[in-house]
Amino acid sequence: SMVPSEENHNHRPTRGNGIPFWVVMMVSNFDDVNVTFCNIGCDDEWLLMCTTFLLTEAIYYTCKRVNQKILLRTLYKSRMYGTSIQAKLECPKVHEIQIPLHPRLIVKNVIDHLTMRVLRNFAVSGKARMFVYKERATGHIFYISIDQSSNEKKQQQQQQQ
């Protein structure tokens, strides 16, 4: 396992000791981040391993978050859902709401009304029932997806029979 554990080493640096090496990070050609450790008297392999792991993890999550923000901004500006967005836009779900519908309503008609009239100005082309919205106060961009719950799908199938 790449994850350091305390079982592997009993010595942990204390506050105030500082890190006894320099870390140089350089982005090369926008595809890689090269991390170089310049040792200034550190023989503590445990410390080097922990630092390497933490830096690698931080770089990965920072790159992923920046990529998500760029893709959301691109999606908002272009309103086009292309293969580059499809492959890379994996944002965590922030909110989900289920709205119960009256049994006499036809689910498809409700969704069609929402998508063609209510949310029309936020529609994304290339992806059905997907919308993008920018909050004015904060500038945060959200993508919205409308889907039927499994109960509504069953209801729609029963209505069609």
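Structural notes, computed from the coordinates. Being a predicted model, the structure only gives us computed values, none of them experimental.

### Description of the nonpolar core
Generally speaking, nonpolar side chains in soluble globular proteins are found buried as a group.
Phase 1: Within the largest apolar cluster, seven residues are counted, these being Leu72, Leu75, Tyr81, Val124, Met130, Val132 and Ile141.
Phase 2: Within the residue set of this core, elements represented by two or more residues are helix H1 (45-78) and strand S3 (130-134).
Phase 3: Within the second largest apolar cluster, five residues are counted, among which are Val107, Ile111, Leu119 and Phe131.

### With respect to the packing of aromatic side chains
Phase 1: What the rule picks out here adds up to two aromatic pairs.
Phase 2: Aromatic pair Tyr60 and Tyr61: ring centres 5.0 Å apart, planes at 80°, arrangement edge-to-face.
Phase 3: Tyr60 gets classed as partly exposed once you look at its relative accessible area, which sits at 49%.

### Some points on a nonpolar patch on the surface
Phase 1: Among the surface-exposed residues, Val23, Met25, Val27, Phe30, Val33 and Val35 lie close enough to one another that they form a single nonpolar patch of about 560 Å² accessible area.
Phase 2: Breaking the nonpolar patch down by element, the ones donating at least two residues are strand S1 (21-28) and strand S2 (32-39).
Phase 3: Per-element tally for the nonpolar patch: the top contributor is S1, with three residues.
Phase 4: Tracing the sequence through the fold places Val27 in strand S1.
Phase 5: Residue classification places Val27 among the exposed residues on the basis of a relative accessible area of 53%.

### Some remarks on a positive patch on the surface
Phase 1: Taken together, the side chains of Arg65, Lys69, Arg73, Lys77 and Lys134 make up a positively charged region of the molecular surface.
Phase 2: The biggest single contributor to the positive patch is H1, with four residues.
Phase 3: Here Lys134 is to be found in strand S3.
Phase 4: Lys134 gets classed as partly exposed once you look at its relative accessible area, which sits at 37%.

### Describing the environment of Phe131
Phase 1: Mapped onto the elements of the fold, Phe131 is located in strand S3.
Phase 2: For Phe131, a relative accessible area of 2% translates into the label buried.
Phase 3: Residues Phe131 and Ser145 lie 14 residues apart in sequence; the distance between their C-alpha atoms is 6.3 Å.
Phase 4: When near neighbours in sequence (up to four residues on either side) are disregarded, Phe131 contacts Thr115, Leu119, Phe122, Ala123, Val124, Phe142, Tyr143, Ile144 and Ile146.

Cut-offs applied
- Residues numbered from 1 in each chain as written.
- Predicted model: local features only at pLDDT ≥ 70, side-chain atom pairs only at ≥ 80, totals over all residues.
- Heavy atoms only, no water.
- Core = buried A, V, L, I, M, F, W, Y, C linked by side-chain atoms within 4.5 Å.
- Buried < 20%, exposed > 50% of the residue type's maximum accessible area, 1.4 Å probe, protein only.
- Helix = DSSP H or I, 4+ residues; strand = E, 2+ residues; numbered from the N terminus.
- Phe/Tyr/Trp six-rings, centres within 6.5 Å; stacked < 30°, edge-to-face > 60°.
- Patch = residues over 30% accessible without salt bridge, like charges linked within 9 Å, V, L, I, M, F, W, Y side chains within 5 Å.
- Areas by Shrake-Rupley, 256 points an atom, 1.4 Å probe, with all protein chains shown as cover.
- Salt bridge = Lys/Arg side-chain N within 4 Å of Asp/Glu carboxyl O.
- Lys, Arg positive; Asp, Glu negative; His and termini not counted.
- Charge placed at Lys NZ, Arg CZ, Asp CG, Glu CD.
- Contact = heavy atoms within 4.5 Å.

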